[in-house]
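Examination of the molecular architecture
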Amino acid sequence: MAQQRRVLPTVEDTEELGRELSAELAPGDLVVLDGPLGAGKTALTRGIAAGLGVQGRVSSPTFIIARQHRAGAGAGAVPMVHVDAYRLGGDLDELDALDLDTDLQHAVVVVEWGLGVVEHLSDRHLRVRLSREPDSDVRTAVWEWVE
């Protein structure tokens with residue numbers, strides 16, 4: 001798939017893009033989110049989670065690093081692991097301790113701040129780069145599957 005781009009005027013638009021992207025995801029898929037603070041990584045993850053039908057509230061896992069969300073009761077629901085790699089600072093030992101390669105067998109794994117840190121966990125991943133216009137809620141997403 002070629003690189004795609006969308007302007008996201010509201011947080012709701014960012015969440016809707018996440019729901020749309022979730023239609024392409026299945027257990028074993030890795031999603032790598034990149035972008036500065038406030039760019040919409042967690043909002044996009046909330047949308048992905050809603051589209052996958054996971055249980056529980058989705059919030060930034062900054063202080064716990066990884067949060068597992070079980071599949072809901074609906075048909076086609078898929079579990080998701082939500083990781084915030086910011087605090088890992090590229091520490092591969094801490095990353096290995098999370099055992100994400102095992103999670104990838106059974107869930108969609110979404111990693112905020114994951115660029116340059118987690119790509120080796122999978123043969124392909126969905127890379128989403130988010131940016132935010134200064135003094136605005138308008139965001140831009142650029143995404144593509146990388147092999």
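Residues numbered from 1 in each chain as written. Predicted model: local features only at pLDDT ≥ 70, side-chain atom pairs only at ≥ 80, totals over all residues. Heavy atoms only, no water.

Here we look at the pattern of salt bridges
Rules: Here a salt bridge means any side-chain nitrogen of Lys or Arg lying within 4 Å of a carboxyl oxygen belonging to Asp or Glu. Helix and strand assignments come from DSSP, with helices taken as H or I runs of at least 4 residues and strands as E runs of at least 2, each series counted from the N terminus. Exposure categories follow from relative accessible area, calculated using a 1.4 Å probe and restricted to protein chains: below 20% of the type maximum is buried, above 50% is exposed, and the middle band is partly exposed.
This model, assessed by the stated rule, comprises six salt bridges. Across the pair R19 and E16 runs a salt bridge, and its minimum N-O distance is 3.1 Å. Of this pair, R19 and E16 both sit in helix α1 (residues 11–22), three residues apart, which is roughly one turn of that helix. On the basis of relative accessible area, R19 is assigned to the partly exposed category, the value being 33%. The partly exposed category is assigned to E16, whose relative accessible area is 32%.

Examining the nonpolar core
Spelled out, the test is: Only buried residues count toward a nonpolar core, which is a set of Ala, Val, Leu, Ile, Met, Phe, Trp, Tyr and Cys residues joined through side-chain atoms within 4.5 Å.
Judged by nonpolar contacts, the single largest core of 23 residues is most densely connected at V31 and V128. Elements with a minimum of two residues in this core: α1, β2 (30–34), α2 (41–52), β5 (108–112), β6 (125–132) and β7 (139–146). Looking at this core, the element that brings in the most residues is α2, giving four residues.

Focus: the packing of aromatic side chains
Quick note on the threshold: Within 6.5 Å between ring centres, the rings of Phe, Tyr and Trp (the latter by its six-membered ring) count as paired, and their orientation is classed by plane angle as stacked under 30 degrees, edge-to-face over 60, tilted in between. Here, a charge over a ring is recorded when the distance from Lys NZ or Arg CZ to the ring centre is within 6 Å and its angle to the ring normal is within 35 degrees.
A full pass over the atoms with the stated rule returns zero aromatic pairs. Between K41 and the ring centre of W113, over which it is positioned, the NZ or CZ distance is 4.1 Å.

Observations regarding α1
Basically, it comes down to this: Any helix carries an expected span of 1.5 Å times its number of residues minus one. Here the arc refers to the set of directions running from the helix axis out to each C-beta atom. Working rule for contacts: check all heavy atoms of both residues, and any pair within 4.5 Å makes them a contact.
Here α1 spans 17 Å end to end across twelve residues, near enough to the 16 Å set by a 1.5 Å rise per residue. Turning to α1, its buried residues number three or more, namely T14, E15, L17, G18, L21 and S22. Buried residues of α1, seen end-on, are gathered within an arc of 155° and therefore sit on one face of the element. The secondary structure elements touched by the buried residues of α1 are β1 (4–8), α2, β6 and β7.

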